[in-house]
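# Observations on the three-dimensional arrangement
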Amino acid sequence: MKKIFEIALGILAAIGGFVDIGDIVFNVAAGATFQYQLLWAVVIGVGAIITYSEMCGRVAVVSQRAAFDAVRERLGFGVGLVALFAGQLVNLMTLAAEIGGIALALQLLAGLPFRALLLLAVVAIALVIWVLPFEWIERVFGYVGLTMLVFAVGAIKLHPAWGEVARGFVPGVDTGDLAVYGYFVVGLIGAAMVPYEVYFYSSGAIEERWTPKDLGVNKANAIIGYSLGGLLSFALMITAGTLFFPRGITPESLGSAALGAEVPLGQLGVLLALVGILFAVGGAAIDTAFSGAYNVAQFFGWEWGKYRKPAEAPRFTLAWIVMLVLGFLIVVTGVDPILVTEYSVIFSVVALPLTYVPILLVANDRAYMGRYANGWVANLFGCAYLVVILVIAVAAIPLMILSNMGQG
């Protein structure tokens, strides 16, 4: 029963934390632009994050070192430094986007000035990180974020053409603008695979003191949790494809996304949608701030971990505080949080090989992993998804330019 309870908790946390502002922006925009045609791209992204999250968790469990720590130790200072720089740049852009998303959700709920809500968002995140234990942070934001399942209910009640939905899971191009199509493919896969997810996941395994006995829990959390989280992405795209695409509406804010729940479910639907977005994006902001602090601390060999008191890991504590402050300073300039989100996802795609190639190499190191090293199944999926990662990393910037960031 204990294992079942741990799996259930992990699955719920993964569902609530999977969909962040990048997923919301790209899935809703893709649905509004191409209806259901790009559902297959979400499948690829979810499959990839499952594959590499399971590897990261396994490396952490077996070695008792988080993924970035293991990369630094096994692949050397040079590779680790490049990965650190790229990872921190992407983490910072992602965190700025998440902070902006929290403020936007609060503004829609309360109607207060945006910049005041930015400050409130950063202070609230800092207080939550400082006061709550790791497991409660994970569970509170994961569970309340589950109210985003209202989009799944809304998608069903909108009565989409399910035959067309099914065809969306098969790759195909029914549009003449290939650059825009390709831009959204890159964005959807990249939004599902932002680097902070795997770094946070592996560090969380250390925080929760998993051992090799928990490898089954690790696999169940990765497969079931991220798959169910992926269903939320499907729901967002199907809702937008049913509601916005036929009307030629281009959603430009989180409020537009919430309409997908309001039309079929009324005011209660939009309220649940906004609360779900607030906690899902808030949880992602905490994960990203932690990920940045984890990476720096693990690279330089500092004491780290939420299970330690701030005085016991002062440089780790200072690292996540600095991440929050820098993220706030970026978005308080007045830059559009949605624009920051798109840039953060696209540039994270460029950096994906620096995150996932080292993870695959360490997971295959039998001197390090012993009998828990990758088998042929893990390597088959890992290498297949690595090819996808390399292709979209090369294509990301050219497609962003050619498509005018998806505007055509």
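Refer to the structure above for everything that follows.
Rules used throughout
- Residues numbered from 1 in each chain as written.
- Predicted model: local features only at pLDDT ≥ 70, side-chain atom pairs only at ≥ 80, totals over all residues.
- Heavy atoms only, no water.
- Helix = DSSP H or I, 4+ residues; strand = E, 2+ residues; numbered from the N terminus.
- Rg over C-alpha atoms; globule rule 2.2 N^0.38 Å.
- Buried < 20%, exposed > 50% of the residue type's maximum accessible area, 1.4 Å probe, protein only.
- Contact = heavy atoms within 4.5 Å.
- Areas by Shrake-Rupley, 256 points an atom, 1.4 Å probe, with all protein chains shown as cover.
- Lys, Arg positive; Asp, Glu negative; His and termini not counted.
- Charge placed at Lys NZ, Arg CZ, Asp CG, Glu CD.
- Phe/Tyr/Trp six-rings, centres within 6.5 Å; stacked < 30°, edge-to-face > 60°.
- 1 Å grid on protein atoms, 1.4 Å probe; cavity = no way out; pocket = protein on both sides within 12 Å on 5 of 7 lines; lining within 4 Å.
- Points joined across faces, edges and corners; volume = space filled by probe spheres on them.
- Nonpolar A, V, L, I, M, F, W, Y, C, P; charged D, E, K, R; others polar.
- Salt bridge = Lys/Arg side-chain N within 4 Å of Asp/Glu carboxyl O.
- Polar contact = N/O pair within 3.5 Å; in protein donor to acceptor, adjacent residues only side chain to side chain.

In terms of regular secondary structure, the chain is built from 16 helices and 0 strands. Relative to the globule expectation of 22 Å for 408 residues, the C-alpha radius of gyration of the chain, 20 Å, shows essentially globular dimensions. In terms of overall dimensions, the chain has C-alpha extents of about 55 × 45 × 45 Å along its principal axes. In the chain, buried positions account for 59% of the 408 residues. Taking the intrachain contacts of the chain between residues at least 6 apart in sequence as the baseline, contacts between residues at least 24 apart amount to 86%. Counting only carbon and sulfur atoms, one obtains 70% of the accessible surface of the chain, whose full area is about 16000 Å². The chain carries 20 positive and 24 negative side-chain charges, and their two centres are separated by 10 Å.

Overall, the coordinates contain 21 aromatic pairs when judged by the stated rule. Aromatic ring contacts, followed pair by pair, group F26, F34, Y181, Y183 and F184 into a single cluster.

This brings us to the layout of surface pockets. The method is simple in principle: a probe with the dimensions of a water molecule rolls over the atoms, and the space it marks as empty is what remains. By volume, the second largest pocket amounts to about 470 Å³. Lining the second largest pocket we find 25 residues, and of these A29, T250, P251, E342 and Q407 sit closest to its centre. Of all elements in the fold, only helix 2 (21–34), helix 9 (178–192), helix 12 (254–300) and helix 14 (337–363) reach the threshold of two or more residues within the lining of the second largest pocket. For the lining of the second largest pocket, the element with the most residues is helix 2, which contributes 7 residues. The residue makeup of the lining of the second largest pocket, split by class, is 16 nonpolar, 6 polar and 3 charged.

Let us now look at the pattern of salt bridges. Within this structure, the stated rule accounts for 3 salt bridges. Note that R167 is salt-bridged to E164, the shortest N-O span being 2.2 Å. One end of the pair is R167 and the other is E164, both in helix 8 (residues 162–167) and 3 residues apart, which spans about a single turn. Owing to a relative accessible area of 52%, R167 belongs among the exposed residues under this scheme. In this structure E164 comes out as partly exposed when scored by relative accessible area, which is 38%. Between R308 and E303 there is a salt bridge, and its shortest N-O distance comes to 2.8 Å.

Structurally, S202 is set in helix 10 (residues 196–207). What makes S202 buried here is its relative accessible area of 0%. In terms of polar contacts, S202 uses its side chain to reach the backbone carbonyl oxygen of Y199, at 3.2 Å. In contact with S202, other than residues within four places in its own chain, are C56, A60, A66 and A67.

All right, on to the side chain of Q88 then. Counting through the fold element by element, Q88 comes out in helix 4 (residues 67–110). Since its relative accessible area comes to 15%, Q88 is described here as buried. In this structure the side chain of Q88 is engaged in a polar contact, spanning 3.1 Å, whose partner is the backbone oxygen of G292. At a separation of 3.4 Å, a polar atom in the side chain of Q88 contacts the side chain of N295. Once residues lying within four places of it in the same chain are set aside, the contact partners of Q88 are S291, G292, N295, V296 and M323.

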